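For reference, the chains in residue letters:
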Amino acid sequence: MKPLHELTVQEVHEGYRNHTFTCVQLVQHFLDRIKKYNPRLNIYLALNEHALEQAAAVDREIVEKGIDRELLGIPLAIKDNFLTTGLTTTASSYILKGFMPQYDSTVTEKLLAAGAIFLGKTNMDSFAHGSSTETSDFGPTLNPWNPKHLPGGSSGGSAAAIAAQLATAALGSETAGSIRQPAAWVGITGFKPTYGRSSRYGVIAMASSTDSPGPLARTVADAALITQVIAGQDVKDATTSPLPVENYLGSLNKPDLQGLKIALVKEYLLPEMRSDVKELILAAADKLRSLGATVEEISLMDPQYAIGVYTVVQRSEVSSNLSRFDGIRFGHDRSAFGQETKRRIMLGTYTLSAGYYDAFYKKAQAVRTKIIEEFAEVFKTYDAVIGAVSPGPALPIGATKDQPMFGEMEDILVEASSIAGLTSAGIPCGFVDGLPIGLQITCDQFQEEKALMIADCYQQNTSFNLFPDLDQTL
Amino acid sequence: MKITPLIGLEVHLELETKSKMFCGCPADHFGKKPNTQTCPVCLGLPGALPVPNKKAIESCLQIGLALQCSINTISKFDRKQYFYPDLAKGYQISQYDEPFCSDGFLFLDSGKKIGIERVHLEEDTGKLQHKTLNGQKVTLVDYNRGGVPLVEIVSRPDLSSSAEAKEFLKKIHEIIRALGVSSVDLEKGQMRLEPTVNLCLENEIGSHYTPLVEIKNINSFNFASQAIEFEITRQAEEFSQTGIEKSSTNKTTRGYDAVKKNTFLQRSKEEAKDYRYFPEPDIPPFIIDAGYVEKLRQKLPLLPDQEIANLEKLGIDKKDAKILVSSNNQVALQTIKDYSTNSIVDIQKLASLIVNGKINSDQNLIEQYDKLTKIGTTDRTELTKVVREVLATHPGLVAEYQGGKASLAGFFVGQAMKATRGTADPQTLASLVADLLS
Amino acid sequence: MQKVIVTPAEVEKIAKLANLPLSSQETAMFADQFSATVNVINQLNEVDTASVPATYQVTGLSNVTREDLVDTSRILSQEVALREAELTHDGFFVVSRVIDTDTTESVI
């Protein structure tokens, strides 16, 4: 039998059904591992003191009713920007140290209603401002493959939780790369649903027009299941889609990709990209071809421009979203904001201020339209767009120091798809220097089924889905 | 030197919806214990999101229609950003460049047309109270009012006197009440007024404009009128001394002191506020089609000016008509309507009696009318003429009566009543008939 | 494209607008970093957007509203509403005095 921490959601449920182990045993197993490895890795900021009680209740439910809730007894790691009553929610910032939310986010409520157990809240870039988890006010999370390196961000804690196998699955959010990039840097599966597919109610807002809650998991199947649970219209979030949620799990396990047309973006093979990374991407394209898809090179707008758009839009929106942190009704006063956060608020204030609004915000949103139109054109012919998630493997600790545009530069390959609100799967496609490299499979809005299907087929036909032996790597 | 005051009015109205503008908290906040009607949305907690109140939007559109505005096909909410403790999110969700309604007007009784620049929707702030606690000066904040829907009406600076301003405010007040979207109780702060005043001074050389002054903290029409009066005088004097003219950066804000009956500088001049408006990303825009607007227009209740016109058509004196509509006495207005085709009741007289307070709405209006009007016409000399005429018209019936058919007396009285349009006292008539036929 | 320089004075102005307390060290540092960032953003001017409208939302949704109903499930009790605040008094949130006058007016 596989060690408990190596099981997927389906395997856990099988174990419960066959009475191979109980939920209490599974949760205790994770708590023991967390106790052992978390002090070094700094993945969890807060742990659920009631996890074992809740696990016991799950065991009773399994006896009485069997497993009729999709995530019954599944231990999850939750990124610390989701409001969870009973667990502190800090967005990895001093300004919210000790904050106990007075309400729950829609998405975490749904996960609990599906029977999940929260093991704890995971570390992130402070207020999601970054692509490294190094901007956390509570110290960086370390990359389970190599503790001298960063796990990526902003959902670095949640991604590392999966790579370090300290939870069965995890919840994160993506504003521009924040799910896919850490998934790529730690070599696991991350999935970004279409903007508006899952509710933002109760998620500490970063960029209101791109934030998308989504899963980080061991496999595409697990990611599909979690997405299934959290997706759907929410009356409390006016930007969620009324479209019905499809059967994501049902679209998986396709034997091949016959008939699919996939575009490999030329510009995403950056001039400064290492040749060994490029090779992995080209190999991935070949793999998709061998599975029956047609893969062609196409040209898109220089991703440099997406950096500009994202920088302006994100900072403008976040500077406004953080205005409510004034220390009056909750949290501490504004001097408790970290440097990166202050920097972003300032720049966002600047880009929206009188005299600059047209030159920056409005201009950025116009370029955004061009990016959207370009993708729309591409998706008329192609089912998906692929490329690397990140310019290179996980960077070393300290790489973000004094780099005001670090996040944006690292996310150069994923910003465009986030700005356009598209859906995208990030899955491992190889290793360089002992560190994982991730592939993105990006589809048009509300084509989650397609993205997951392609990612799943690729994953099942490759062997890059690996997990580090922490006793070796740490 | 010819001095023309240029007065614009900004009016904020609290809508009486059941729930707040962007969340389901109760909107009725007056007198409630502090911070007992808040939720994550209106308390500005992290992660909370706004969802607009349909009824509030409809009410705003109705107000716009009542003020002859165009309803914009595309509109949206925007964030107006500034820091103040009563503003939980650090921004107010309001409307900036694409409001729901624009370009309307209102006629004053003189026939002068006052332009309405826009009518838009926004959310109210919480309430502040200043106190000293343990020797420290503090401000207490209550967010119950935060998020209540506010409609903002902005007039063009077409008003030229305090009297016109007062009339304008009264008309707005009546229209809103007729629409039933707010009680507009000024004492409860349901209608807030902000005049902006400056002067145009013309001489042979040319025109000069004094700097704009916005006056805040006014909660009655009389105070508004007084504040405007004071400002007009003050600005004329200030200009004669300093000659400073209006520029894009010298608009000031003054408060009104009801006791001293003057205005005082409220904020020392600082840079023009930079609200950093941008489209509210959490709320999709609105596309309002003409068909929907038409339906709303048809559902509009009768507005004051129309009601007045209708009453005038019934022959009622304009002055009486205005008072009746202004009094909002629905019983009286309905009674007048009911009896407008009744030939016995004199509508003009009825209206006049109501307006002069001779009839009150506590009791049946027509009963009171009967009593009053009949007492008024027991003039025997007058009525004798009427009865004689009736009898002369029916010689045959008179003969029958005199032959013993006593019941015909009722017929003669009835005819005489008709001839006096119901204003005669039936008993007087009866006695006259009896006398004349005896 | 001329390089943009953001001065410490401008940074101070923005800090005030953003209600952020900054030390003079931070102000100088931000001025440098801003200038670098602004130069990156200015690259956007290389893209021709003459005939292109701005996109503020990618959902394509419109006319999203809720019925005018009271939602008791979300109302916070006074205790819970005040629970996470540092300073409260008799049911109110407390801040140090904001303005010198004794009026209860708001900026609106």
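Parameters and conventions
Residues numbered from 1 in each chain as written. Chains lettered and ligands numbered in written order. Predicted model: local features only at pLDDT ≥ 70, side-chain atom pairs only at ≥ 80, totals over all residues. Helix = DSSP H or I, 4+ residues; strand = E, 2+ residues; numbered from the N terminus. Rg over C-alpha atoms; globule rule 2.2 N^0.38 Å. Buried ≥ 20, exposed ≤ 12 C-beta atoms within 10 Å, placed from the backbone. Contact = placed C-beta atoms within 7 Å. Nonpolar A, V, L, I, M, F, W, Y, C, P; charged D, E, K, R; others polar. Pairing = 2+ DSSP bridges. Axes fitted to C-alpha atoms, helices over the stretch in contact; angles between N-to-C directions. Core = buried A, V, L, I, M, F, W, Y, C linked by C-beta atoms within 7 Å. Right-handed = clockwise from strand over helix to strand, strands pointing away. Parallel < 35°, antiparallel > 145°, perpendicular 65-115°, else oblique. Left-handed = near helix turned anticlockwise from the far one by under 90°. pLDDT = per-residue confidence, 0-100.

K.L.:
Explain the overall build of chain A here, please?
P.N.:
Looking only at helices and strands, one finds 15 helices and eleven strands in chain A. Relative to the globule expectation of 23 Å for 474 residues, the C-alpha radius of gyration of chain A, 21 Å, shows essentially globular dimensions. Dimensions of chain A, computed from the C-alpha atoms along their principal axes, are close to 60 × 60 × 45 Å. Taking all 474 residues of chain A together, 65% fall into the buried category. Within chain A, counting contacts between residues at least 6 apart in sequence, those at least 24 apart form 78% of the total.

K.L.:
Please clarify how the overall build of chain C should be interpreted in this entry.
P.N.:
For chain C, the count of helices and strands is three helices and two strands. Along its sequence from the N terminus, chain C presents helices and strands in the succession α-α-α-β-β. Taking all 108 residues of chain C together, the buried fraction comes to 26%.

K.L.:
Is there a simple way to explain the interface of chain A and chain B in this structure?
P.N.:
By a frequent convention, interface size equals the accessible area lost on bringing the separate parts together. Listed by partner, the interface residues are 31 residues for chain A and 24 residues for chain B. At the level of elements, helix H9 (303–321) and helix H10 (339–352) of chain A are the ones that each hand at least two residues to the side of chain A that touches chain B. Looking at the side of chain A that touches chain B element by element, the count peaks at three residues for H9 of chain A. When its residues are assigned to classes, the side of chain A that touches chain B shows 13 nonpolar, eleven polar and seven charged.

K.L.:
So what exactly am I meant to see when it comes to the interface of chain C and chain A here?
P.N.:
Taken together, the contact between chain C and chain A spans 37 residues of the former and 47 residues of the latter. Breaking the side of chain C that touches chain A down by element, the ones donating at least two residues are helix H1 (8–17), helix H2 (24–41), helix H3 (78–83) and strand E2 (92–96) of chain C. A per-element tally of the side of chain C that touches chain A places H2 of chain C first, with seven residues. Looking at the side of chain C that touches chain A, its residues break down into 25 nonpolar, eight polar and four charged.

K.L.:
What exactly am I supposed to notice about helix H6 (residues 318–327) of chain B here?
P.N.:
Three- or four-residue spacings in an α-helix give side chains the same orientation, since the helix completes a turn every 3.6 residues. Residues and elements named next belong to chain B. Residues of H6 that are buried include every one of Asp 320, Ala 321, Lys 322, Leu 324 and Val 325, and no others. Its buried side turned inward, H6 meets helix H5 (304–313), helix H7 (330–338) and helix H8 (347–355). Positioned one or two residues after H6, Asn 328 has a phi angle of 55°, which is positive.

K.L.:
Where do I start with unusual backbone geometry in this structure?
P.N.:
Note: most residues except glycine have negative phi, and most peptide bonds are trans. All names here are of chain A. Between Gly 153 and the following residue, Ser 154, the backbone shows a cis peptide bond with an omega angle of 10°. Mapped onto the fold, Ser 154 is located in the loop between strand E3 (117–122) and helix H5 (156–163). The backbone phi angle of Ser 92 is positive, close to 55°, even though this residue is not glycine. Note on placement: Ser 92 falls in the loop between strand E2 (75–79) and helix H4 (106–113).

K.L.:
Whenever I open this one, the sheet that holds strand E7 (residues 261–265) of chain A confuses me. Can you help?
P.N.:
Through backbone hydrogen bonds, the strands of a sheet pair up, either in parallel or in antiparallel fashion. All names here are of chain A. Spatially, eleven strands are ordered E1-E3-E2-E4-E6-E5-E10-E11-E9-E7-E8 in an open sheet, and the strand pairing comes out mixed. Only two strands of the sheet have a single neighbouring strand rather than two, namely strand E1 (44–47) and strand E8 (294–298). Each neighbouring strand pair of the sheet contributes to a mean axis angle of 30°, computed without reference to strand direction. Sheet topology places E2 next to strand E4 (residues 169–174); three bridges connect them, and they run parallel. From the neighbouring strand, Ala 77 faces E4, where its bridge partner is Ala 170. Sheet contacts for helix H7 (residues 220–230): E4, strand E5 (189–192), strand E6 (212–217) and strand E10 (423–432); angle to E6, the most-contacted strand, approximately 150°.

K.L.:
Got a minute to help me understand the environment of Lys 380 of chain A in this structure?
P.N.:
Structurally, the position occupied by Lys 380 of chain A is in helix H11 (residues 358–381). Placed 64 residues apart in sequence, Lys 380 of chain A and Asp 444 of chain A show a C-alpha to C-alpha distance of 9.5 Å.

K.L.:
Can you help me understand the environment of Ala 88 of chain B in this one?
P.N.:
With respect to the helices and strands, the residue Ala 88 of chain B is situated in the loop between strand E4 (78–81) and strand E5 (91–94). Separated by 59 residues in sequence, Ala 88 of chain B and Gly 147 of chain B place their C-alpha atoms 9.4 Å apart. Those residues in contact with Ala 88 of chain B, other than ones at most four positions away along the chain, are Arg 324 and Arg 329 of chain A together with Cys 42, Leu 43, Gly 44, Gly 126, Tyr 143 and Gly 146 of chain B.

K.L.:
So what exactly am I meant to see when it comes to the sheet that holds E4 of chain B here?
P.N.:
Residues and elements named next belong to chain B. An order of E5-E4-E16 is seen for the three strands of this open sheet, with the pairing classed as antiparallel. The open sheet is flanked by E5 and strand E16 (278–279), the only strands paired with a single partner. Relative to E16, E4 runs antiparallel, the two sharing two bridges. Within the sheet, the bridge partner assigned to Arg 79 lies in E16 and is Phe 278.

K.L.:
Explain the nonpolar core here, please?
P.N.:
Within soluble globular proteins, side chains that are nonpolar tend to cluster in buried spots. Core analysis: the largest hydrophobic core is formed by 248 residues, its most contacted members being Leu 76 and Val 309 of chain A. Residues Leu 324, Leu 350, Val 355 and Ile 359 of chain B belong to the second largest nonpolar core, which totals 16 residues.

K.L.:
How should the pairing of E8 of chain A be read in this particular structure?
P.N.:
The two faces of the sheet receive side chains in turn, since in a regular strand these alternate between them. Residues and elements named next belong to chain A. As paired elements, E7 and E8 share five bridges and run parallel to each other. Among the inter-strand pairings, Leu 264 is bridged to a residue of E8, identified as Glu 297. Between E7 and its parallel partner E8, the chain crosses via helix H8 (residues 275–290), and the hand of that crossover is right-handed.

K.L.:
Please clarify how the packing of helix H12 (residues 408–419) of chain B against helix H13 (residues 426–437) of chain B should be interpreted in this entry.
P.N.:
How two helices pack is summed up by the angle between their axes together with the distance between the axes. Residues and elements named next belong to chain B. Where H12 contacts H13, the two axes come as close as 9 Å, and the packing angle between them is 125°. Relative to H13, the element H12 lies oblique. Like other packed secondary-structure pairs, H12 and H13 cross with a definite hand, here right-handed. Here H12 contributes Ala 409, Phe 412, Val 413, Ala 416 and Met 417 to the contact with H13, which in turn contributes Pro 426, Leu 429, Ala 430, Val 433 and Ala 434.

K.L.:
Quick question: what am I supposed to make of the confidence of the model for chain C here?
P.N.:
Detailed reading of the predicted coordinates is not advisable wherever pLDDT is low. Residue and element names in this part refer to chain C. Summary statistics for chain C give a mean pLDDT of 87 and a share of 89% for residues scoring 70 or more. Ranking the elements of chain C by mean pLDDT puts H2 last with 88 and H3 first with 98. Note that residues 100–108 has pLDDT below 50 and, in this model, 15 contacts with residues that lie over four places away or in other chains. Scoring the predicted complex yields pTM 0.90 and, for the interface, ipTM 0.96.

K.L.:
What is the right way to look at the environment of Asp 109 of chain B in this model?
P.N.:
Residue placement: Asp 109 of chain B occurs in the loop between strand E6 (101–107) and strand E7 (113–123). Along the chain, Asp 109 of chain B and Lys 171 of chain B lie 62 residues apart, while their C-alpha atoms are 9.8 Å from each other.

K.L.:
Teacher, can you tell me more about the pairing of E7 of chain B here?
P.N.:
All names here are of chain B. Among the eleven residues of E7, eight are classified as buried, and the element is accordingly described as predominantly covered. Sheet topology note: the E6/E7 ladder contains six bridges and is antiparallel. Residue Phe 107 lies in a different strand from E7, and its bridge partner there is Lys 113. Linking E6 to E7, which pair antiparallel, is a turn of five residues; within it Gly 111 sits at a positive phi near 95°.

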